[in-house]
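These are the residues of each chain, in order.
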Amino acid sequence: MAKRPCFSDHSPRVSKRDYYHLNIDSLLESLLAVSDSALIEASFDGLVESRSAYSDQNEFIQRALHIGSVLLEAGRRSVRKLYSVHNASFWPLPPDLTIKVFSMLDTPSVCSASATCLFFQNCAKDPMCFANIDLAIPKVNVGVVTTMIQRARNALQSIKLVELPPDPAAELLLNKQTKQGKKSSILKSSFLGSLSANGGAHGSHLRRLHLHNIKMMDNISLFASLSVCPSLVDLEVVGLDVNVSPTLEFVSRHCCLIERFVFDHLKSKDSVGGAFRMLERHLFDDEGDFIENSACKEFVLNCPKITTLALKGCRLSDYNAHKLLKGFTG
């Protein structure tokens with residue numbers, strides 16, 4: 001049996017921690033040098049069987065599983081680091097050009113790329129990569145949207161969020177979680193609250209805002225978001241539980257630079273496609289939200305730069321339609 005080392009005054013000082021660390025290094029080196037996996041399995045089985053008590057066998061197996069999981073996680077972490085160093089060395093583009101490429105991708109693609117290695121992850125942290133946030137998926141976590149807005153900071157130019165209907169299985173799970181009091185990852189009414197952070201700095205440069213089928217968003221939460229977006233020129237409000245007249249009035253007071261405004265009470269399958277080149281008017285006898293005279297008058301007066309206006313699923317009188325057409329063309 002090997003004797004324990006004697007730490008005398010004449011020998012170099014080696015702490016117990018360093019000593020055990022050296023021993024572990026040696027053990028790992030020896031273990032990983034074994035190329036025959038069958039030999040390791042046979043040795044492990046023999047060690048388990050050598051313990052007569054069930055509790056001893058179980059404890060030994062659990063320790064082995066724990067050490068195995070530690071080694072597995074350490075291996076995964078090391079390979080990610082190795083691949084990251086490799087990508088940084090052999091990736092043909094420097095970080096600034098990589099960031100430029102990422103800024104041209106849609107948001108899910110940027111997130112996927114950032115998860116591949118540390119080099120791409122660091123590049124994806126640049127504000128330009130999230131200057132144009134575009135998400136159209138069934139479930140968007142509020143924290144994800146907030147993080148993207150915070151990363152974009154003053155570079156934020158546009159936000160497009162489309163809440164797609166979940167598949168039946170996911171919807172059943174969502175209903176179950178709601179009944180159990182668990183938090184849902186579906187967007188809440190205050191999911192754009194981060195636009196008002198730092199005195200509204202994040203929303204001050206926003207030029208384009210498209211919101212589709214956000215079930216939890218109402219007039220109050222929409223107006224809170226628009227109040228910190230004075231530079232907005234393109235706004236789409238589709239399938240939200242908001243009223244058209246108050247929305248027109250609020251936009252005319254806080255977003256006077258608006259050039260394109262699309263309002264639709266009906267839910268879209270994905271997003272509103274195509275460019276609208278004319279004022280669209282939909283008349284319903286018994287359906288739709290009625291557009292008030294004051295809202296039309298204020299919108300014409302305060303939004304002279306408007307070039308595209310689409311009002312769908314609303315009730316618009318001939319008088320107000322004439323007022324809008326004459327105001328924007330005269």
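Check the entry above for the structure.
Since we're looking at a predicted model, the values are computed, not measured.

A. Structural context of the pattern of salt bridges. Using the criterion set out here, one finds five salt bridges in the structure. In this structure, Arg 260 and Glu 236 form a salt bridge, with 2.8 Å as the shortest nitrogen-oxygen distance. Here Glu 236 lies in strand β4 (residues 234-238) and Arg 260 lies in strand β5 (residues 260-264), a separation of 24 residues in the sequence. Each member of the pair, Arg 260 together with Glu 236, is buried. Here Arg 253 and Glu 298 are joined by a salt bridge, their closest N and O atoms 2.6 Å apart. In this pair, Arg 253 is assigned in helix α11 (residues 244-254) and Glu 298 in helix α12 (residues 293-302), connecting sequence segments 45 residues apart. Overall, the relative accessible area of 19% leaves Glu 298 in the buried class. Within the structure, one salt-bridge network assembled from shared partners comprises Arg 208, Asp 234, Glu 236 and Arg 260.

B. Representation of the pairing of strand β8 (residues 308-312). Most of β8 is tucked away, with four of its five residues classed as buried. Two strands pair when backbone bridges link them, and β5 and β8 are joined in this way by five bridges, in the parallel orientation. Bridge pairing in β8 places Phe 263 opposite Leu 311.

C. Structural context of unusual backbone geometry. A positive phi is found at Arg 153, a non-glycine position, where the angle reads about 50°. Tracing the backbone through its elements, the reader meets Arg 153 in the loop between α7 (142-152) and β2 (158-163). Taking the relative accessible area as the measure of exposure, Arg 153 reaches 43% and is therefore partly exposed. Located in the positive-phi region is Asn 213, a residue other than glycine, with phi close to 60°. Mapped onto the secondary structure, Asn 213 falls in the loop between β3 (208-212) and α10 (219-226).

D. Representation of α11 in the model. The element α11 is largely enclosed, with a buried count of eight among its eleven residues. The set of residues buried in α11 consists of Val 244, Ser 245, Thr 247, Leu 248, Glu 249, Phe 250, Val 251 and Ser 252.

E. Geometry of the pairing of β2. The buried count for β2 comes to six of six residues, which makes it a mostly enclosed element. Summarising the sheet, strand β1 (residues 132-137) and β2 pair through six bridges and their orientation is parallel. Bridge pairing in β2 links Leu 135 to Leu 161. In this structure, β2 lies alongside β3, joined through five bridges in parallel fashion. In the strand pairing of β3, Val 162 is matched with His 212.

Definitions and limits used
Residues numbered from 1 in each chain as written. Predicted model: local features only at pLDDT ≥ 70, side-chain atom pairs only at ≥ 80, totals over all residues. Heavy atoms only, no water. Salt bridge = Lys/Arg side-chain N within 4 Å of Asp/Glu carboxyl O. Helix = DSSP H or I, 4+ residues; strand = E, 2+ residues; numbered from the N terminus. Buried < 20%, exposed > 50% of the residue type's maximum accessible area, 1.4 Å probe, protein only. Pairing = 2+ DSSP bridges.

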